[in-house]
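Structural description and commentary
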Amino acid sequence: MNFLPVILWSDALVFLLVAAAGVMAWHVRRHEHLLLPWRRVAQSGMAMVSLLVLSLFLLVGGLDTLHYRVALPHSNGSEAVYSPEVLSVLDKLAGPLRQHAEKTYSAPLALALYAKESFTDAQGRLVRDYPRLQYGGAHLADASQRDGDVIHRALAGALAGVLVCALLLAALHLVARGLGLGIPQSGTKEFAARRAVSIAALLLAALIGATFNLASVYHVLGTDKVGQDVLYLSLKSIRTGLVIGTVTTLVTLPLALFLGVAAGYFRGWVDDLIQYVYTVLSSIPSVLLIAAAVLMMQVTIDTHPDWFDTAASRADLRLVALCLILGMTSWTGLCRLLRGETLKLREMEYIQAAQSFGVSSLRILSRHIIPNVMHIILIAVVMDFSSLVLAEAVLSYVGVGVDPSMISFGTMINGARLEMGREPMVWWALAAAFGFMLVLVLAANLFADVVRDAFDPRLNRM
């Protein structure tokens with residue numbers, strides 16, 4: 001076999017989350033009262049457009065989660081030896097972006113490096129000028145051709161993207177009609193939502209098509225200090241942000257659900273003990289607590305190098321440990337909400353009736369309490385996602401986040417901050433990280449707002 005599949009710890013946790021999401025979707029489809037709020041979400045154009053944007057981020061993150069190691073050349077009959085470098089499907093698809101590295105900084109869509117150097121020209125003279133890039137715009141004979149070439153390639157890529165997207169939308173419409181699915185009537189909320197999604201899909205397809213066509217011959221977002229393509233770094237950072245925002249819930253949810261429901265239902269000394277724990281934990285500055293835990297974890301990793309066979313597994317363990325640390329320090333808010341809701345539910349007539357008939361506490365919790373607090377859990381998880389993505393950027397910026405060898409928005413910002421004060425200023429790495437984070441967090445927040453309104457019984461806005 002020419003490659004060896006690799007499953008990192010974070011990959012396994014992501015697969016577990018995908019399986020859990022699939023089970024949850026199957027359970028929701030079987031119960032009409034659970035499906036009704038999601039139908040309200042589907043009637044919102046803003047929610048569907050935000051979900052479309054999030055789906056693109058999830059697609060990129062999913063491709064970057066499928067890892068493998070390439071087999072090194074070996075003689076026939078000998079045992080296969082694999083490269084120590086762990087690659088992903090995204091690395092394979094974005095091969096030119098990853099491999100076409102320049103010498104150092106270059107501006108977006110530039111043809112030359114960002115700093116002057118001394119070199120020998122074609123006539124053998126020693127000159128000091130901006131040297132041409134090795135890959136960016138190498139197909140052009142003269143710099144004056146760049147503007148026209150950029151416009152031509154951007155328009156051609158945008159047109160191709162719109163055409164492909166229009167064909168896919170038409171195919172989906174025909175498949176829906178062939179399956180007998182209902183086609184929304186003009187003027188309804190469903191029709192407005194589908195129209196908004198179609199327009200957004202066409203615009204995104206044009207943007208992706210133009211970017212893809214330009215990225216084949218230019219560095220669309222420039223290059224960093226070591227010549228790596230900033231667009232490639234931004235795409236690789238998406239997985240790190242998504243893992244931080246989603247895998248952390250695997251730690252947060254069990255703690256918050258178990259402790260919050262137990263405190264609200266059993267009350268007494270159980271409530272006092274749990275309140276004492278999360279009050280003490282909340283009183284400690286979160287950044288200092290996380291920094292101390294990360295530093296202790298880093299010492300453990302450094303003293304046991306034999307645990308890891310590749311550099312990627314070492315960096316991945318630190319990422320998983322950061323998720324565990326964030327989960328252990330961010331469950332208190334959800335725990336408070338669940339405690340308060342359980343205290344209210346405990347006094348409801350049907351709960352007291354079940355208690356009077358001798359129903360066990362475990363059955364009451366599993367059949368009556370937990371199902372009635374699931375809307376709070378869902379809303380909190382969706383709304384906390386964006387804060388966790390931003391937390392990774394802040395922690396990596398101060399040096400207690402992910403491993404420095406792992407690409408993330410925080411490491412991109414940390415690497416770009418020192419270049420903001422130079423002359424001329426290198427701004428595109430910071431701008432790219434900020435732009436991708438802004439789109440991801442904004443889409444998550446807009447989607448969370450609609451989900452909150454759909455699941456909140458006190459609101460009826462849709």
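A brief report on the enclosed structure follows. Since we're looking at a predicted model, the values are computed, not measured. (Residues numbered from 1 in each chain as written. Predicted model: local features only at pLDDT ≥ 70, side-chain atom pairs only at ≥ 80, totals over all residues. Heavy atoms only, no water.)

What to know about the overall build of the protein
Rules: Each helix is a run of H or I in the DSSP string that is no shorter than four residues. Each strand is a run of E no shorter than two, and both are numbered from the N terminus. Exposure is judged per residue with a 1.4 Å probe applied to protein chains only, and the accessible area is read against the type maximum: over 50% gives exposed, under 20% gives buried, and values in between give partly exposed. Whether two residues are in contact is decided by their heavy atoms, any of which lying within 4.5 Å being enough. Surface exposure here means Shrake-Rupley accessible area, sampled with a 1.4 Å probe, where a residue is shielded only by the protein chains that are shown.
When helices and strands are counted, the protein shows 17 helices and five strands. Residues counted as buried form 42% of the 462 residues belonging to the protein. Expressed as a percentage of contacts within the protein between residues at least 6 apart in sequence, the contacts between residues at least 24 apart total 71%. Entry remark: accessible area of the protein is about 25100 Å², with carbon and sulfur atoms responsible for 67%.

Considering the side chain of Thr 223
For clarity, the cut-off: Any pair of nitrogen or oxygen atoms within 3.5 Å is treated as a polar contact; in protein, a donor-acceptor pairing is required on top of that, and neighbouring residues in sequence qualify only through side-chain atoms on both sides.
Within the element layout of this structure, Thr 223 appears in the loop between helix H7 (189–215) and helix H8 (230–266). Polar contacts involving the side chain of Thr 223 include one to the main-chain carbonyl oxygen of Thr 104, which spans 2.9 Å. Of note is the side chain of Thr 223, whose polar atom sits 2.7 Å from the side chain of Ser 106. Beyond its immediate chain neighbours, meaning those up to four positions away, Thr 223 contacts Glu 102, Thr 104, Tyr 105, Ser 106, Gln 228, Asp 229, Val 230 and Trp 428.

Overview of the sheet that holds strand E3 (residues 82–88)
Working definition: the strands of a sheet are paired by backbone hydrogen bonds and lie parallel or antiparallel to each other. Defined as follows: By the convention used here, strands pair only if DSSP detects at least 2 bridges between them. Note on method: axes are straight lines fitted to C-alpha atoms, helices fitted across the in-contact stretch only, with angles between N-to-C directions ranging 0 to 180 degrees.
Across the sheet, three strands lie side by side as E1-E2-E3; this open sheet has antiparallel pairing. The sheet is open, and its two borders are formed by strand E1 (3–6) and E3, each paired with just one other strand. For this sheet, the mean inter-axis angle between neighbouring strands, taken without regard to orientation, is 30°. Bridge count for E1 against strand E2 (residues 67–71) is four bridges, and the pairing is antiparallel. If you follow Leu 4 over to E2, its bridge partner there is Arg 69.

Keep in mind these numbers describe shape, not what the thing actually does.
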